[in-house]
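Overview (structure and organization)
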Amino acid sequence: MEKLEQYRNETEVMNVPEIIKWALNEFGTKKIALASAFGPESQYILSEMVIINEKPRIFTIDTGRLFQETYNVIQETISKYNVAIEVHLPDSREVADMTSKFGPNLFYDSVENRKLCCKVRKVQTLNRVLSTVDAWMSGLRRGQSETRDNVHRIEWDISHKIYKINPMINWSEEQVWAKIKEHNIPYNRLADYGYRSIGCTPCTRAIGRFEDMRAGRWWWESEDYKECGIHGNLDYQI
Ligand code: SF4
């Protein structure tokens, strides 16, 4: 936390490859990891990371409810970049207890149940991974939702007490896709069918071109609740 201002000043004018290189040097390859759900932003970061370092830490959380297309892009990425992806699963006992008590589709019943599912499948899994690093990197962008408007490129994650680096925080969706096309980077093919923010299968749907980026996530809930807790590091509501 004490270096937050220093880090923000040091990285203020850096581009994405420069900030990735800076972060890997500052924290060491084993102590910083990219969190990826294989969206276009984290795919671009990954493509730059593997140029800078052959064995970066890249992890994903397999909630057990992902789309086949998400598994496809994971596989394609491993093949193209010859990179290891850490796949972390939720605690099977906790998933079994939760689904036995509330049913497999509990998330549709209430915000409370949806948050419980995200907590068991995603947040607690994330907590276990982040206990092994001093910093994490993500593809977060301000344009993805109003709840991300005030996020900086470098944050102090108060929940995990580690730094969080968001190299693409100022990027537009168009800029991201230009990089994906320019470098022929593998992407989730659901994007071709109107899926602009992709999470678990039962909680994601396609949206119109002019809708809010996150409108297809937990679409049955009020806008105020639309975070899963993964990136709620400033106040971390779950
Ligand atoms: Fe559960 Fe849906 Fe959250 Fe996935 S996005 S963890 S299925 S509530």
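For the structure itself, look to the data block above.
Quick look at the structure, then. Everything numeric here is computed off the predicted structure, so don't read it as measured data.

1. Side note on the site of the ligand
Taken together, Phe107, Arg114, Cys117, Cys118, Arg121, Lys122, Cys200, Cys203 and Trp218 make up all the residues around the ligand. When grouped by side-chain class, the residues that make up the shell around the ligand number six nonpolar, no polar and three charged.

2. Let's talk about the sheet that holds strand β1 (residues 32-35)
Here six strands make up an open sheet; going across it, the order is β3-β2-β1-β4-β6-β5 and the pairing mixed. Two strands close off the open sheet at either side, each with one partner strand: β3 (86-88) and β5 (154-157). Sheet twist, expressed as the average angle between the axes of neighbouring strands with direction ignored, equals 30 degrees. Bridging between strand β4 (residues 135-137) and strand β6 (residues 162-165) involves three bridges; their strand directions are parallel. By the bridge assignment, Ala135 is partnered in β6 with Tyr163. Running over the sheet, helix α3 (residues 40-52) touches β1, β2 (57-61) and β4 and is turned about 145 degrees from β1. Helix α6 (residues 111-130) contacts β2, β3, β4, β5 and β6 of the sheet and is inclined by roughly 160 degrees relative to β2.

3. Some thoughts on the side chain of Thr11
Looking at where Thr11 falls in the secondary structure, it is placed in helix α1 (residues 4-11). Classification of Thr11 by relative accessible area gives buried; the value is 1%. Once you skip the residues sitting within four places of it in the chain, Thr11 turns out to touch Ile19, Trp22, Arg153 and Ile154.

4. A short note on the packing of aromatic side chains
In the structure shown here, the tally under the stated rule is twelve aromatic pairs. Each member of the aromatic cluster is reached from another via a ring pair, and the members are Tyr7, Trp22, Phe27, Trp156 and Tyr163. It is Arg114 that lies over the ring of Trp218; its NZ or CZ is 4.3 Å from the centre. Note that Arg189 overlies the ring of Tyr187, its terminal NZ or CZ placed 4.3 Å from the centroid.

5. Quick notes on helix α5 (residues 92-102)
With a side-chain oxygen positioned 3.0 Å from the backbone nitrogen of Arg93, the residue opening α5 is Asp91. One or two steps after α5, the chain reaches Gly103, where phi turns positive at roughly 95 degrees.

6. Concerning the pattern of salt bridges
Close approach of charged atoms allows side chains of opposite charge to pair. Inspection of the entire model under this criterion finds ten salt bridges. Taking the shortest distance from any N to any O, the salt bridge between Glu5 and Arg8 comes out at 3.7 Å. Taken together, the positions of Glu5 and Arg8, both in helix α1 and three residues apart, correspond to about one turn of that helix. We note a salt bridge from Arg141 to Glu41, for which the minimum N-O separation is 2.8 Å. With a gap of 100 residues between them, Arg141 in the loop between β4 and β5 and Glu41 in helix α3 connect regions that are remote in the sequence. For the residue pair Arg141 and Glu41, the accessibility class agrees, reading buried in each case. Linked through salt bridges whose partners overlap, the residues forming this network are Glu5, Arg8 and Glu155.

7. Focus on unusual backbone geometry
Of note, Asn184 is a non-glycine position whose phi angle comes to about 50 degrees, a positive value. Along the chain, the position of Asn184 falls in the segment after α7 (173-182). The phi dihedral of Trp218 falls on the positive side, at around 45 degrees, and the residue is not glycine. For Trp218, the location among the structural elements is in the segment after α7.

Reading the values: the criteria
- Residues numbered from 1 in each chain as written.
- Predicted model: local features only at pLDDT ≥ 70, side-chain atom pairs only at ≥ 80, totals over all residues.
- Heavy atoms only, no water.
- Near = heavy atom within 4 Å.
- Nonpolar A, V, L, I, M, F, W, Y, C, P; charged D, E, K, R; others polar.
- Pairing = 2+ DSSP bridges.
- Helix = DSSP H or I, 4+ residues; strand = E, 2+ residues; numbered from the N terminus.
- Axes fitted to C-alpha atoms, helices over the stretch in contact; angles between N-to-C directions.
- Contact = heavy atoms within 4.5 Å.
- Buried < 20%, exposed > 50% of the residue type's maximum accessible area, 1.4 Å probe, protein only.
- Phe/Tyr/Trp six-rings, centres within 6.5 Å; stacked < 30°, edge-to-face > 60°.
- Lys NZ or Arg CZ within 6 Å of the ring centre and 35° of its normal.
- Polar contact = N/O pair within 3.5 Å; in protein donor to acceptor, adjacent residues only side chain to side chain.
- Salt bridge = Lys/Arg side-chain N within 4 Å of Asp/Glu carboxyl O.

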